[in-house]
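The lines below spell out each chain.
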Amino acid sequence: MSKVFIGMPPLPAFGSGNLNLTEPFPRAAARELGNQQLRSNLRHATHTIRDKRLKVVAELPDWEELRDAGSAIKESVMADLPALLERFEANFTARGGKVHWARDAAEANAIITELVRATGAQEVVKVKSMATQEIGLNEHLETEGIAAFETDLAELIVQLGHDKPSHILVPAIHKNRTQVRDIFLAEMPGVDPDLTNDPAMLAGAARSYLRSKFLTARVAISGANFGIADSGTLAVVESEGNGRMCLTLPETLITVMGIEKLLPTFADLEVFMALLPRSSTGERMNPYTSLWTGVTAGDGPQDVHLVLLDNGRSAALADEMGRSALHCIRCSACMNVCPVYERTGGHAYGSTYPGPIGAILSPLMTGIEAEENNSLPYASSLCGACFDACPVKINIPEILVHLRGKDVDSRRGRMKPPSQMDLLMKGAQWAFSSGTHLGLLEKGLPLGRLAAGRSKKIKHLPGLAARWTDSRDIPAPPPASFRDWWAKEHVPEAPITQQGGEA
Ligand code: SF4
């Protein structure tokens, strides 16, 4: 007798892999803030890219209309995702490709390992892919005895440095040229020992190292920026040409793509090809765009696979307010304008997705109840710069506030010691509940000025408040409270009394 399913379908599964923080954001951020070199590298890089972006965006009189169009296309994709995925699969398969569905990181890694094993290869080349970082593919392949070589220059620097990417677009943004030279000298086989930190020399060293990999690898693994449902076409956008080498030279090509990357028609791509390069690198057009549709006999890889990855995306889609985070085209514009990211760098966000988009995407994919990620929605000043910069108009501040609310709700009723924020709010409630309470607190102002001393900064507070001053100084309080100042400046005038009486 066959089983009959009665009841509600299961809830969407949350994502796993490199999405969870291993320590809360405030602790990681405090550590990163102490790294002067990191802060100066980040400041230089983000300001350079953001100035370039502003210039090329200003060239387009219809930039706002383009943003609206991008946002509308993405909204329609989210509303119709299951049907678009089916259409994409049918067209990709009809043209000789094979589609594999992966619910989470473990399933995706197992599928890819099996596909590589089937070729007999022990090495693969990779073109930059956030999805494979998200599932921890390189680490997984290593445990299976398969070596994965990153071919994007910045990714290569991170990989050789046994480090983690700290930016979506410029993964090695936290390294300067001298640090890169030191990594190459220590880790790159066959490198010229007289290598200097001259950019041309560094690029040359990477080129000759990678060339041998491109020419010998039989399997390549790529990400995809877009998938077009109507034709079953995949697209990769990049700057160095390494992607094109990976996508054309090996016999087997395995692409890993998040299910949200679909566009309905080829015409939709036009909008994103205008939005993406301008927002990410501040260029009018990206140097290399590769598009492929299945297999072409005698040309390029003859064994073409696509792993369609969920890993928490349907959970994000189920959140009505948060789902627009899936509109993200990974341009990194929000990171380059974020005052929090500029000071802490990407590592503090723990997940593959750093910065403002990471602060909403990671908790949406893992669930805000995952304790590891519940500090992320607070990693923002809510200044709104990310919303202004986002080419697809994701209202990041609004989603941050929504997730903060969800976090508070998820902790209601749990017997937990009050947090620093809980105590602060309780104190504020008491202080502002009556003028007498506030007056009492104001009497402590001279004490505060005394504690600040000559530097006019309070550098250390005792007890629980010490966690606040551990990473920031408090300016000395003013000599008088606002209410005292007001009382002094606005001495009530004597009431006007009638002079002389009525005529
Ligand atoms: S959220 Fe917007 S600005 Fe940030 S990376 Fe995604 S598309 Fe770019």
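Rules and cut-offs
Residues numbered from 1 in each chain as written. Predicted model: local features only at pLDDT ≥ 70, side-chain atom pairs only at ≥ 80, totals over all residues. Heavy atoms only, no water. Core = buried A, V, L, I, M, F, W, Y, C linked by side-chain atoms within 4.5 Å. Buried < 20%, exposed > 50% of the residue type's maximum accessible area, 1.4 Å probe, protein only. Contact = heavy atoms within 4.5 Å. UniProt positions renumbered as here; feature names shortened; annotations may be inferred. Helix = DSSP H or I, 4+ residues; strand = E, 2+ residues; numbered from the N terminus. Axes fitted to C-alpha atoms, helices over the stretch in contact; angles between N-to-C directions. Parallel < 35°, antiparallel > 145°, perpendicular 65-115°, else oblique. Left-handed = near helix turned anticlockwise from the far one by under 90°. Nonpolar A, V, L, I, M, F, W, Y, C, P; charged D, E, K, R; others polar. Domains from an automatic or database assignment. Pairing = 2+ DSSP bridges. Patch = residues over 30% accessible without salt bridge, like charges linked within 9 Å, V, L, I, M, F, W, Y side chains within 5 Å. Areas by Shrake-Rupley, 256 points an atom, 1.4 Å probe, with all protein chains shown as cover. Salt bridge = Lys/Arg side-chain N within 4 Å of Asp/Glu carboxyl O.

Section: the nonpolar core
- Ranked by internal contacts, the top residues of the largest apolar core, which has 106 residues, are Phe25, Phe184, Met188, Phe272, Ile357, Ile360 and Ile394.
- In contact with phenylalanine 184, other than residues within four places in its own chain, are Leu153, Ile157, Leu160, Val191, Leu195, Leu202, Ala205 and Ala206.
- Ranked by size, the runner-up nonpolar core spans 21 residues in total, among them Leu115, Val124, Leu137 and Ile254.

Here we look at the UniProt feature "domain: LUD" (unreviewed entry) in the chain
- Residues annotated by UniProt as "domain: LUD" (unreviewed entry) correspond here to residues 85-307.
- Taken end to end, residues 85-307 comprises 43% helix and 20% strand; its first and last C-alpha atoms sit 12 Å apart.

Here we look at the packing of helix α9 (residues 177-187) against helix α10 (residues 199-216)
- Where α9 contacts α10, the two axes come as close as 11 Å, and the packing angle between them is 30°. The angle between the axes of α9 and α10 places the two elements in the roughly parallel class. For the pair α9 and α10, the crossing hand works out as left-handed. Note on element contacts: α10 touches α9 through Pro199, Leu202, Ala205 and Ala206, opposite Arg177, Val180, Arg181 and Phe184.
- Within the contact of α9 with α10, the residues separate by chemical class into 6 nonpolar, no polar and 2 charged.

Thoughts on the domain arrangement of the chain
- Partitioning the chain into domains gives domain 1 (35-158 + 167-179 + 215-316) and domain 2 (434-490).
- Using only C-alpha atoms to locate each centre, domain 1 and domain 2 end up separated by 52 Å.

As for the sheet that holds strand β9 (residues 288-292)
- Sheet architecture is open: 4 strands sit in the order β8-β5-β6-β9, paired in mixed fashion. Two strands bound the open sheet, and with one partner strand each, they are β8 (262-263) and β9.
- Looking at chain direction, strand β5 (residues 226-228) and β8 are connected through 2 bridges and run parallel. Residue isoleucine 228 lies in a different strand from β8, and its bridge partner there is leucine 263.

Some details on the environment of aspartate 473
- In this structure, aspartate 473 sits in the loop between α22 (466-469) and β12 (474-475).
- In this structure aspartate 473 comes out as partly exposed when scored by relative accessible area, which is 39%.
- In sequence terms aspartate 473 and isoleucine 458 are 15 residues apart; their C-alpha atoms lie 5.7 Å from each other.
- When sequence neighbours within four positions are dropped, the list of residues in contact with aspartate 473 reads Lys457, Ile458 and Lys459.

Focus: unusual backbone geometry
- Phi is positive for serine 332, which is not a glycine, with a value near 80°.
- Mapped onto the fold, serine 332 is located in the loop between α13 (313-317) and α14 (333-337).
- Phi is positive for leucine 382, close to 55°, though the residue is something other than glycine.
- Under the relative-accessibility criterion, leucine 382 is labelled partly exposed at 35%.

Quick notes on a nonpolar patch on the surface
- Taken together, the side chains of Trp430, Leu440 and Leu441 make up a nonpolar region of the molecular surface, amounting to roughly 320 Å² of accessible area.
- Assignment of secondary structure puts leucine 441 in helix α20 (residues 435-442).

As for the pairing of strand β4 (residues 219-222)
- A two-sided burial pattern is seen for β4, the buried positions comprising Val219 and Ile221 on one face and Ala220 and Ser222 on the other.
- Of the strand pairs in this sheet, strand β2 (residues 123-126) and β4 are connected by 2 bridges, and their pairing is parallel. Paired with lysine 126 across the two strands is isoleucine 221, which belongs to β4.
- For β4 and strand β7 (residues 252-258), the ladder comprises 4 bridges, and the chain directions are parallel. In the sheet register, alanine 220 faces β7, and the bridge partner there is leucine 253.

Quick look at the pattern of salt bridges
- Under the defined criterion, the tally for this structure stands at 22 salt bridges.
- Two residues, arginine 31 and glutamate 32, come together in a salt bridge whose shortest N-O distance is 3.8 Å.
- Judged by relative accessible area, which is 48%, arginine 31 ranks as partly exposed.
- A residue is classified by how much of its surface remains accessible, and glutamate 32, at 12% relative accessible area, is buried.
- For the salt bridge of arginine 181 with aspartate 182, the shortest nitrogen-to-oxygen distance reads 3.0 Å.
- With a relative accessible area of 22%, arginine 181 lands in the partly exposed category.
- One connected set of salt bridges, linked through shared partners, spans Glu64, Arg67, Asp68 and Lys393.

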